[in-house]
Each structure stands twice: as C-alpha cells, then as structure tokens.
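Understanding the architecture of this molecule
For reference, the chains in residue letters:
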Amino acid sequence: MEDNYESLKIENQICFPLYATSKEIIRQYQPFLSELDLTYTQYITMLVLWEYGDTNMKELGKHLFLNSGTLTPLVKKLEDKGYVKRKRNRKDERNLIIALTPQGLALKEKAVVIPQEMGRCVKLSPEEAGQLYKILYKVLAQLEEE
C-alpha cells in the first residue's frame, strides 16, 4: 500500500523544486530591486517595456504570463511611481497602451547591473544556464498549449 503513495512524496514533485528555486531567486533580487523601488513583478514588467517599448495590455500580459486582473493593479502602481503612463489607442479606444515615461526609461540605466549581480548569486555555467532556460521554456510552451 505504501508504494501507492510514493508519488505524493514532496521529493517526487517536480513543482516543488521549481517553486522553491523561484522563491529563493526572487528573494536574491530584493536588495537590488529595493534600490529601484520595484517588486520583482514590477521589474519584469519594466524589462518587457524596456525591450519592446509602448505595449498594449494584452501583449504585456502575454509576455509576462499574467492576466488582466493581476496586470491592471501592477501597471497602476508603476504609473503611481511615475515609471509608466497608460493611454488609449487612438484607432481603438478599447486598447490600452502602456508607455514608459522619461523617469521609467532612465531607470533602465540603474537596472543594467542587476543581471550581472544575479549571475553571481546563481552559480551555473553558461551551458547549464542555457540548458535550464531551454527546458523551462519548453515546459512553458507545453503548458500554454493546454
């Protein structure tokens, strides 16, 4: 009977090391992000905006794997901090565009050191990091299909 419950052991759950690693990596980000007055979720939102520029809410949500219920208050907080502004698309008023402010764009200069600092926290070889990246995005792609 004990063998029936083998799959319920925490050490046999692929989700647990993913969860624990994610939580710990985000914790490692905190000292760097607090200097920018950003949470981790706000930081990754800024990463998307720095990379793609003005982005509508739907596309922003796709990039971040976030729904509008999570994204709307997140963008509002970034707007309150002066990093982004929300504006309506002139061609389609229903389409909300998120744009960086000069202050949000300037924040990029301060954030540029964060990836290097985080690289010191997570000691993987470039090959290991590349393999992990590919595996995680493979899993994400499969889950998106469902």
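One structure accompanies this document, and this report is about it. What you see is a predicted model, and the numbers here were worked out from it, not measured in a lab. (Residues numbered from 1 in each chain as written. Predicted model: local features only at pLDDT ≥ 70, side-chain atom pairs only at ≥ 80, totals over all residues. Heavy atoms only, no water.)

**Here's the deal with the side chain of N56**
On the secondary structure map, N56 appears in strand β1 (residues 55–56). At 3.0 Å, the side chain of N56 and the backbone nitrogen of K58 are in polar contact. With residues up to four places along the chain from it excluded, the contact list for N56 reads N95, L96 and I97. (Helix = DSSP H or I, 4+ residues; strand = E, 2+ residues; numbered from the N terminus. Polar contact = N/O pair within 3.5 Å; in protein donor to acceptor, adjacent residues only side chain to side chain. Contact = heavy atoms within 4.5 Å.)

**Remarks on the packing of helix α2 (residues 40–52) against helix α3 (residues 57–64)**
Relative orientation of the contacting elements α2 and α3 amounts to 115°, with a least axis distance of 10 Å. The way α2 lies across α3 gives a crossing that is right-handed. Taken together, the residues of α3 that come into contact with α2 (itself represented by I44, T45, V48, L49 and Y52) are L60, H63 and L64. For the contact of α2 with α3, the residue count by class is 6 nonpolar, 2 polar and no charged. (Axes fitted to C-alpha atoms, helices over the stretch in contact; angles between N-to-C directions. Left-handed = near helix turned anticlockwise from the far one by under 90°. Nonpolar A, V, L, I, M, F, W, Y, C, P; charged D, E, K, R; others polar.)

**Quick look at the packing of aromatic side chains**
Taken as a whole and judged by the stated rule, the model has 5 aromatic pairs. An angle of 50° between the planes, with centres 6.3 Å apart, marks the rings of Y40 and Y43 as tilted. Within this pair, Y40 and its partner Y43 are both found in helix α2, separated by 3 residues, close to a single helical turn. Aromatic rings pair up to connect Y29, Y40 and Y43 into one cluster. (Phe/Tyr/Trp six-rings, centres within 6.5 Å; stacked < 30°, edge-to-face > 60°.)

**What to know about the sheet that holds β1**
Spatially, the 3 strands line up as an open sheet ordered β1-β3-β2, and their pairing is antiparallel. Looking at strand neighbours, the two that pair on one side only are β1 and β2 (84–88), the edges of this open sheet. Bridge count between β2 and strand β3 (residues 96–100): 5 bridges; the pairing is antiparallel. Bridge assignment links R86 to a residue of β3, and that residue is I98. Contacting β2 and β3, helix α4 (residues 68–80) crosses the sheet at an angle of about 120° to β2. (Pairing = 2+ DSSP bridges.)

**Describing the pattern of salt bridges**
On inspection of all chains with the given rule, the structure shows 9 salt bridges. In this structure, R27 and E24 form a salt bridge, with 2.8 Å as the shortest nitrogen-oxygen distance. Of this pair, R27 and E24 both sit in helix α1 (residues 15–34), 3 residues apart, which is roughly one turn of that helix. Residues D54 and K87 are paired through a salt bridge, measuring 3.3 Å at the closest nitrogen-oxygen approach. In this pair, D54 sits in the loop between α2 and β1 while K87 sits in strand β2, placing the two residues 33 residues apart along the sequence. Look at D54 and you get partly exposed, because its relative accessible area is 47%. Members of the salt-bridge network, linked through shared partners, are K23, E24 and R27. (Salt bridge = Lys/Arg side-chain N within 4 Å of Asp/Glu carboxyl O. Buried < 20%, exposed > 50% of the residue type's maximum accessible area, 1.4 Å probe, protein only.)

By themselves these figures say nothing about function.
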